[in-house]
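Residue-level structural notes
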Amino acid sequence: MAEKEINDKRKSLATRLIFLVALFVAWEFLPQWTGSEKIIPTFSMAIEAFWVNLWKGDLFKHIVYSLQLIFTGILIGMLLAFILTALCMLSKRFNDVMDVIVSIMHPLPGIALLPVVMLLVGLGAKSIIIIIVHSILWPLIVNALAGFRAIPRIQLELGRNLGMRPFRLIWSVMIPNAFPYILSGLKIAWARSWRALVSAEMVFGASGLIGGLGWYIYKTRFFMDVSGMFAGLISVIIIGMIVDELVLKTLERKTVQKWGMSL
Amino acid sequence: MSDLQVKNLSKSYMLDDKVLPVLKDINIHLKSGDFLTVLGPSGCGKSTLIRCICGMETPNSGEILIDGQPISGVGPERLMVFQDFNQLFSWKTVKENIIFPLKLNKISSNKQELNDTADEFLKIVNLQKFANAYPNQLSGGMRQRVAIARSLALKPKVLLMDEPFGALDAQTRAILQKELYQLWEQFKTTIIFITHNVQEAIILGNKIIVLGLQPAMIKMQKDNHIPYPRMPETAPFMSLWKTLYGQLETKRF
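Everything numeric here is computed off the predicted structure, so don't read it as measured data.

As for the overall build of chain A
- In terms of helices and strands, chain A carries ten helices and zero strands.
- When the helices and strands of chain A are listed from N to C terminus, the series reads α-α-α-α-α-α-α-α-α-α.
- In terms of overall dimensions, chain A has a C-alpha envelope of 70 × 60 × 30 Å along the principal axes.
- The proportion of buried residues among the 263 residues of chain A is 40%.
- For chain A, the share of sequence-separated contacts (at least 6 apart) that also reach a separation of at least 24 residues comes to 71%.

Here's what the structure looks like:
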């Protein structure tokens, strides 16, 4: 790597860190100066509440529970998206039907669907998982289909010319070619699943035996445990950042960016 | 490395309820190891002809025979090198791009052997240094070289080239022409090479045909005996150039 590039990277990292530090400092002192610590806890109070609740309280339990729901939802969503996308690719008729379904369901917020879902399957983990699946399924399908439609004809001809049979062509040419789209679908799905989970729990208090982070924030608000509320928010932010920065961005860097296939 | 016969090949497309004849009564006979260049004005149906031979298009009438056997569908014994630079797999390194089709066609399953074959062909096209690069790190000319190396490694009966150098700059084009000629001398693969560039057709082909405008029929068929290196300034080159150029119709818009 060129020296200039390394320098640029360092500068970029430094800018981000300086901004974060400035944000934390402002957060620490503004509530004190304005005397509103009771409503907005200082940075150190929020971090302390986060830390204490994480190990001594029940925050950790809620985080684990949330993650379980999210990953179950994402797995089911991805599986369904895979099957439905495959059917769309195989049958033009099914694709037409799917177009209609997507245009009905895609703009429908999961939270708006929750009352109906609760009537059908009751309060609890199941209804939350259904909402998570709903909020990620449609963007996954829309992105995957866009990806498959954008495959250059030459790549398909090339695959057939090299002797590939249909299944080999799908696996070795079509999926890699559509991968940038699939990945951007995953990124959207990840962000949406969090929103669905937290908002569903907060608005309806719907939850399983333990309750996830949304329920935790709802609960702490009920008891006016302001620091606890912020501890819940911090957990959501940290998990979101870890997955986005470490998992998804790394995946992106090691695949589509390296291959020059960025959208 | 095989005989190729195209017999009375005709092809037409439907265009808004009208039949648009593209190719008419094309007859070609190539002996094993021939290098045929096909000249024609743009839009005349050169690509359609080569795509029929590749099996990507089905002719309306006529036959295509390889070693006396009619072709069926698309297959790796008739490999196409396209004009488009996007004919490699972006998610595979240069070397993997060569190894993958070899594995796919069960040329070998021995890792060492596959590796050696890939190295050998990368060396042939002077890209050893780029074995582990990804296609997006290569220039257009390099990518076309990889595509040629990949095709040659599969030892096709006929190598089909649809203006592979058409999108390259003049210098790179000249270099690749020379390289391709040397590869042909080394491997004696039967090649059909489409171009609209008269000079390129003369430099490369030992047989040259000129197609006319719609429907494309063979207007002229020439054997090219000019010895190597074929320099455009020499008298036989210039006279052949004039003959061929005179046969090229240009479309009036």
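Here the narrative resumes.
Digging into the sheet that holds strand β2 (residues 18-30) of chain B
Residue and element names in this part refer to chain B.
- As summarised here, the arrangement of the four strands in space is β2-β1-β4-β5, forming an open sheet in which the pairing is antiparallel. Single-partner strands in this sheet number two, and they are β2 and β5 (69-70).
- In the sheet, strand β4 (residues 61-66) pairs with β5 via two bridges, with the strands oriented antiparallel. Across the sheet, the residue bridging to Ile 66 is Gln 69, located in β5.
- Against the sheet, helix α1 (residues 46-54) engages β1 (4-15), β2 and β4, with an angle of about 120 degrees to β1.

Details of the nonpolar core
- Counting residues in each nonpolar core, the largest one holds 82 residues, and the members touching the most others are Leu 4, Leu 49 and Ile 192 of chain B.
- Top contributing element to this core by residue count: helix α4 (residues 140-153) of chain B, with seven residues.
- Apart from the residues within four sequence positions on either side, Leu 49 of chain B is in contact with Leu 9, Leu 23, Ile 26, Ile 28, Val 38 and Leu 211 of chain B.
- Ala 81, Trp 138, Val 198 and Leu 213 of chain A belong to the second-largest nonpolar core, a separate cluster that totals 47 residues.

So, the pattern of salt bridges
- Counted by the stated rule, this structure contains 16 salt bridges over all chains.
- The partner of Asp 96 of chain A in a salt bridge is Lys 92 of chain A, and the shortest N-O contact between them spans 2.9 Å. Of this pair, Asp 96 of chain A and Lys 92 of chain A are both found in helix α4 (residues 92-105), four residues apart, which corresponds to roughly one turn of the helix.
- With a relative accessible area of 29%, Asp 96 of chain A lands in the partly exposed category.
- Given the relative accessible area of 52%, Lys 92 of chain A is considered exposed.
- A salt bridge links Arg 145 of chain B to Glu 179 of chain B; the shortest N-O distance between them is 2.9 Å. With Arg 145 of chain B in helix α4 and Glu 179 of chain B in helix α5 (residues 170-187), the pair connects residues that are 34 residues apart, well separated along the chain. With respect to burial, Arg 145 of chain B and Glu 179 of chain B carry one shared label: buried.
- One salt-bridge network, held together by shared partners, links Arg 153 and Glu 157 of chain A together with Lys 11, Arg 51 and Glu 57 of chain B.

Comments concerning the domain arrangement of chain A
- For chain A, the assigned domains read domain 1 (1-40) and domain 2 (58-257).
- Taking only C-alpha atoms into account, the centre of domain 1 of chain A sits 31 Å from that of domain 2 of chain A.

Quick look at the pairing of strand β6 (residues 78-81) of chain B
All names here are of chain B.
- On β6, burial covers both faces: Arg 78 and Met 80 on one face and Leu 79 and Val 81 on the other are all buried.
- Sheet analysis places β6 next to strand β7 (residues 158-162), joined by four bridges and oriented parallel. Within β7, the residue paired with Arg 78 across the bridge is Val 158.

Here's the deal with the interface of chain A and chain B
- Taken together, the contact pairs 20 residues of chain A with 25 residues of chain B.
- Between chain A and chain B, roughly 2,000 Å² of surface is buried when both sides are summed, and carbon and sulfur atoms account for 63% of that area.
- When the buried area of chain A at its contact with chain B is split by residue, Ile 154, Asn 161 and Leu 162 of chain A rank highest and sum to 34% of it.
- Across the contact surface, chain A and chain B share one salt bridge.
- One salt bridge connects Arg 51 of chain B with Glu 157 of chain A, and the closest N-O pair in it is separated by 2.6 Å.
- At the boundary of chain A and chain B, one finds eight residue pairs in polar contact (both at pLDDT 80 or more).
- Within the residue set of the side of chain A that touches chain B, elements represented by two or more residues are α7 (153-161) and α8 (166-204) of chain A.

Things to note about a positive patch on the surface
- Taken together, the side chains of Lys 9, Arg 253, Lys 254 and Lys 258 of chain A present a region of like positive charge at the surface.
- Among the residues examined, Lys 258 of chain A registers a relative accessible area of 38% and is labelled partly exposed.

Reading the values: the criteria
- Residues numbered from 1 in each chain as written.
- Chains lettered and ligands numbered in written order.
- Predicted model: local features only at pLDDT ≥ 70, side-chain atom pairs only at ≥ 80, totals over all residues.
- Heavy atoms only, no water.
- Helix = DSSP H or I, 4+ residues; strand = E, 2+ residues; numbered from the N terminus.
- Buried < 20%, exposed > 50% of the residue type's maximum accessible area, 1.4 Å probe, protein only.
- Contact = heavy atoms within 4.5 Å.
- Pairing = 2+ DSSP bridges.
- Axes fitted to C-alpha atoms, helices over the stretch in contact; angles between N-to-C directions.
- Core = buried A, V, L, I, M, F, W, Y, C linked by side-chain atoms within 4.5 Å.
- Salt bridge = Lys/Arg side-chain N within 4 Å of Asp/Glu carboxyl O.
- Domains from an automatic or database assignment.
- Buried area = accessible area lost by both parts, 1.4 Å probe.
- Polar contact = N/O pair within 3.5 Å; in protein donor to acceptor, adjacent residues only side chain to side chain.
- Patch = residues over 30% accessible without salt bridge, like charges linked within 9 Å, V, L, I, M, F, W, Y side chains within 5 Å.
- Areas by Shrake-Rupley, 256 points an atom, 1.4 Å probe, with all protein chains shown as cover.
- Lys, Arg positive; Asp, Glu negative; His and termini not counted.
- Charge placed at Lys NZ, Arg CZ, Asp CG, Glu CD.

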